[in-house]
Amino acid sequence: MKVLKFFFIFLFLLLIIAIGGAAGIYYWAQEDLPSITRLNDYSPNLATTVRDRDGQIIGYFYREKRFLIPLSMMSPATIRAFLAAEDAGFYQHEGIDLPGIVRAAIKNFIAGGIKQGGSTITQQVIKSMLLTPERSYERKLKEIILAYRLEKYLTKDEILTIYLNEIFLGARSYGVEAAAREYFGISASQLTIAQAAVLAGLPVAPSRYSPYTSPERARERQLYVLSRLRELHWITPEEYAVAVQEPLEYKTQEDPSWKTGPYYLEEVRRQLVERYGEDMVYTGGLQVRTSMDSKHQEIADKALKDGLRATSKRHGWQGPIQHLEALAQDSFVQAQVITAQEPGDWVQVVVKNVEKGGATVRFGQYTGLIPVSEMSWARQPNPKIAPEGAGKVTDANKVLKSGDVVWAEVVEANGDKPWNLRLEQEPLVEGALVSMDPRSGEVLALSGGYDFFRSQFNRATQALRQPGSAFKPVVYATALSHGYTAASIIIDAPIVYNDGSGKPWKPENFEGIFYGPTLFRTALVKSRNLVTVRIAQQVGIQEVVKKAKLMGLEGIMEPNLSLALGSGQFTPLNMCQAYTTFARGGTSIRPQIIASVASPWGEQLYLASEEITEAMTSEEAYIISSLLQQVVQDGTGARAKALGRPVAGKTGTTNDEQDAWFMGFSPYLLTGVWVGYDQVRPMGKYETGARVSLPIWLDYRQQVEELYPVEDFSVPPGIVMARVDGRTGRLAGSGTSQAYMLPFQNGTEPVYFADIPEAYSPSGSSNTGGESLLRQIF
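Bear in mind the structure is a predicted one, so any value in this text is a computation, not a measurement. (Residues numbered from 1 in each chain as written. Predicted model: local features only at pLDDT ≥ 70, side-chain atom pairs only at ≥ 80, totals over all residues. Heavy atoms only, no water.)

> Before we go on, may I ask you to explain the pattern of salt bridges in this structure?
Side chains carrying opposite charge are able to pair once their charged atoms draw close together. Scanning the entire structure with this criterion turns up 33 salt bridges. Residues joined by salt bridges that share partners form a network here, namely R314, E388, E687 and R691. (Salt bridge = Lys/Arg side-chain N within 4 Å of Asp/Glu carboxyl O.)

In structure tokens form, the structure reads like this:
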């Protein structure tokens, strides 16, 4: 009896010691435990997703390829597969699977070290989010304590959501959404049972069981997961059989980043970094909606590329990409993988033989012929000679020699027979195209150069270039607010100014001649430099600068008279903003590239609003727009008439043809094009805005106009129309030989006829409604 008594006392003491020891170990282990409250605001490194205006994904920014997806959007098969593979009792235990821990402890004891963890999903979340990955009994104990606490702090669904979005599944994919895109090219919401089983088999060893590098092992793991699902009765035998037999096609969802509109996407990235910082952009999982219209953007990119290639050809032959000696030629050709098969595709070729009539070339396993007629443009560059004056190349020996590596365009693919090819070259000249809706400010397309991967410099938003005559509408709009009308007469005659440095400045017209008394309308339509300078001098260059700023121009504007001829420096995007003033009827609107930004949980962080500035009256804006329509009908923008719709526009060309512009707009769409070399230099004789930039503008606009109904410019109520004599600025009479229908603000229209002397007028007053409205500046 005493023995039994001592035995129970001994057991009691052991129990007390065990409890005390356990308590001591618990308090020792939890002393420096991290707080689980961090998991309440789960914010993993997520990829930022950028979409166009219609919701189509155009790119991602990320450091870790992870996309947040709630349980409600995952396919049920995905959730069941991961639970079956990792923690079938997840919804029953309280964070710890004691039988599993015992099994793992026995195996570790037998192995003489830690080989198996026996962790629940809750413990795995703790391990990946709060603890180090080291394998030790101390870390394991901390993991158990924290798992129990986490189960009291978060719901089961919240814990599972974290796990399925956090887990690494190989191929730079974190979370099931990224993995579904990486391995099957679909969203986790679309995964079948068979596909989900493949992903659920990856956590144990993503590299070892990768379906890309180890398809047999991946299949083995998939079958294990499927068998677990069947054993748990989470799928029927029939579903199991179907899943086992389902053929699997492994393919990565194509990353659209930097494909459509790479310069647009780069500007989005730059603005996001400026607003939120780099860390937020690359890890914050922002959901960004832009103003890009992908159809507009694709057309714009191609129009700019084609236009720059055409411009480059007019400038002459830049020479081969490289020259190879005989031994190197074979190696080059054998290493080629030829994907160009369709007419219009480009391919690098090695010149084999050259004769006067053309050159034979090799590429991959094919041969081809470039006749001299397809390289007739390849003259020696000379910016002082226009292409028309240079003549065509008639001897291929003057262009190519054996061993040259050049670009060729496929004219006709002939299989094993020689292909018909055309000599091409990648342009050195660069350009930009910006197209926006002037009503809303949305930038629909933005192309900042020939090739984003050759140069990331965004000429649409970063290149400060002189606009030349494209700036003149600002001067003429300023004049309207200082008493001028479309019928004012200004003298076109030589001018000499001293800029203060002792050097005289003598501006000239492009044609090099003088036209005498000139109608305000004609001076703008024909882009007369001397008249424009006189107007700027009369109204004051500071007034021109003030008007330009009201219209949104933010570039470099030195307050001297050369500014009137476009010596300031502005980006193409900024020039488009200024021209919205005319298209909108007097107000300027800031271009909108980013429409909205939301958090990964859907919380709205930014919503674009229209930033509008009153720059001039609606009547003044309409008068300039009307005159710019006449630029298209009767002036330097005549090529734009091919659009067959109401359109206004202005060309711009700087000294020595260093910059070429065309700014053209309708009420519903405004598009600006700039072309020039990055390192400022002449493009060549007659390489003007009308010849270089306007064709690019027209190519783009002709392809998008079908998206819009025909719309003319609306006439403000304060506008009256009058038929004006082009020589005197008075009302056109019976003897008028050249007359124009011009708009006027009510009360400023001419009142006298050109063929009636002013002395015979009833009042003896001036020609127009106010003395200052008829200008003769000498």
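Next comes the rest of the description.
> Just to check I follow, could you spell out the sheet that holds strand β12 (residues 430-436) for this structure?
Within a sheet, each strand pairs with its neighbour through backbone hydrogen bonds, oriented either parallel or antiparallel. With antiparallel pairing, 5 strands are arranged side by side in an open sheet as β13-β12-β24-β23-β22. At either end of the open sheet lies a strand with only one pairing partner, and these are β13 (443-447) and β22 (648-653). The mean angle between the axes of side-by-side strands here comes to 5°, regardless of whether they run parallel or antiparallel. Sheet analysis places β22 next to strand β23 (residues 659-665), joined by 6 bridges and oriented antiparallel. Bridge pairing in β23 places A648 opposite F665. Helix-sheet contacts for helix α22 (residues 689-704) involve β12, β22, β23 and β24 (670-676), and the interaxial angle to β23 is about 40°. (Pairing = 2+ DSSP bridges. Helix = DSSP H or I, 4+ residues; strand = E, 2+ residues; numbered from the N terminus. Axes fitted to C-alpha atoms, helices over the stretch in contact; angles between N-to-C directions. Contact = heavy atoms within 4.5 Å.)

> In this structure, what is going on with empty space enclosed by the protein? I would like to understand it.
Remark: the empty space left among the atoms is shown by a probe the size of a water molecule rolled over them. Tallying each qualifying case throughout the model produces 1 cavity of 30 Å³ or more. Here the largest cavity is characterised by a volume of approximately 40 Å³. Around the largest cavity sit Y60, K65, F67, R181, Q253, E254 and D255, which together line it. (1 Å grid on protein atoms, 1.4 Å probe; cavity = no way out; pocket = protein on both sides within 12 Å on 5 of 7 lines; lining within 4 Å. Points joined across faces, edges and corners; volume = space filled by probe spheres on them.)

> Any chance you could explain the layout of surface pockets here in plain terms?
Estimated volume of the second largest pocket: approximately 1,100 Å³. Of all the elements in the fold, those that place two or more residues in the lining of the second largest pocket are β15 (497-498), β22 and α22. Of the residues belonging to the lining of the second largest pocket, the class tally is 10 nonpolar, 21 polar and 9 charged. (Nonpolar A, V, L, I, M, F, W, Y, C, P; charged D, E, K, R; others polar.)

> Looking at this structure, how should I read the side chain of T49?
With respect to the element layout, T49 can be found in strand β1 (residues 48-51). On the accessibility criterion, T49 (3% relative accessible area) is buried. (Buried < 20%, exposed > 50% of the residue type's maximum accessible area, 1.4 Å probe, protein only.)

> Explain the sheet that holds strand β20 (residues 604-607) here, please?
Strand order in the open sheet formed by 5 strands is β2-β1-β5-β19-β20, with mixed pairing between adjacent strands. Here the strands that pair on one side only, and so sit at the sheet edges, are β2 (57-61) and β20. Strand-to-strand twist across the sheet, computed as the mean angle between neighbouring axes with direction ignored, equals 15°. Of the pairings in the sheet, the one linking strand β19 (residues 594-598) to β20 comprises 3 bridges and is antiparallel in character. Across the sheet, residue S596 finds its bridge partner in β20, namely L607.

> Help me understand the environment of S562, please; the structure alone is not making it clear to me.
Positionally, S562 belongs in the loop between α19 (541-550) and α20 (572-583). When the C-alpha atoms of S562 and V533 are compared, they prove to be 7.5 Å apart, with 29 residues separating the residues in sequence. Side chain to side chain, S562 and N560 meet in a polar contact 2.4 Å long. (Polar contact = N/O pair within 3.5 Å; in protein donor to acceptor, adjacent residues only side chain to side chain.)

> In this structure, what is going on with the side chain of T581? I would like to understand it.
As for its position among the elements, T581 is in helix α20. Judged by relative accessible area, T581 falls into the buried class, the value being 0%. Residues within four places of T581 in sequence aside, it is in contact with M551, G586, T587, S588, A615, M616 and A621.

> Just to check I follow, could you spell out the packing of helix α13 (residues 294-315) against α22 for this structure?
Between two packed helices, what matters for the description is the angle formed by their axes and the separation of those axes. Following both chains from N to C, one finds α13 and α22 inclined at 150°, their axes separated by 9 Å at the closest point. It follows that α13 is roughly antiparallel to α22 by the angle criterion. α22 is crossed by α13, and the crossing has right-handed handedness. Contacts between α13 and α22 involve H296, I299, A300, A303, L304, D306, G307, L308, T311 and R314 on the former and, on the latter, R691, V692, I696, D699, Y700, Q703 and V704. When the residues that make up the contact of α13 with α22 are grouped by side-chain class, the tally is 9 nonpolar, 4 polar and 4 charged. (Parallel < 35°, antiparallel > 145°, perpendicular 65-115°, else oblique. Left-handed = near helix turned anticlockwise from the far one by under 90°.)

> Quick question: what am I supposed to make of the environment of P76 here?
Mapped onto the fold, P76 is located in helix α2 (residues 76-86). In this structure, the C-alpha to C-alpha distance between P76 and S189, residues 113 residues apart in sequence, is 8.3 Å.

> Before we go on, may I ask you to explain the confidence of the model for the protein in this structure?
Low pLDDT marks stretches whose predicted atomic positions should not be read closely. Residues with a pLDDT of 70 or more make up 87% of the protein, whose mean pLDDT is 89. For the stretch residues 113-117, pLDDT sits under 50, and the model shows 13 contacts to residues farther than four places along the chain or on other chains. Per-residue pLDDT stays below 50 along residues 759-766; that stretch engages in 10 contacts with residues further than four places along the chain or on separate chains. (pLDDT = per-residue confidence, 0-100.)

> Would you mind going over helix α11 (residues 262-276) with me for this structure?
Turn by turn, an α-helix covers 3.6 residues, leaving residues three or four places apart pointing in a common direction. Taking 1.5 Å of rise per residue, the 15 residues of α11 would be expected to cover 21 Å, and the 21 Å separating its terminal C-alpha atoms lies within 8% of that figure. Listed in full, the buried residues belonging to α11 are P262, Y263, Y264, L265, E266, E267, V268, R269 and L272. (Expected span 1.5 Å × (residues − 1).)

> Just checking my understanding: could you explain the packing of aromatic side chains for this structure?
The description of an aromatic ring pair uses the distance of the two centres, along with the angle that the planes make with each other. The full count for this structure, using the stated rule, is 25 aromatic pairs. Between F471 and F570 the ring centres are 5.9 Å apart and the planes differ by 0°, which places this aromatic pair in the stacked class. Placement of the pair is F471 in the loop between β13 and α16 (472-480) and F570 in the loop between α19 and α20, with a sequence separation of 99 residues. Judged by relative accessible area, which is 0%, F570 ranks as buried. The interplanar angle of 35° and the centroid separation of 6.0 Å between the aromatic rings of Y484 and F520 together place this pair among those described as tilted. Of the two residues, Y484 is situated in the loop between α16 and β14 (489-492) and F520 in helix α17 (residues 520-525); the sequence distance between them amounts to 36 residues. The class for F520 is buried, based on a relative accessible area of 0%. (Phe/Tyr/Trp six-rings, centres within 6.5 Å; stacked < 30°, edge-to-face > 60°.)

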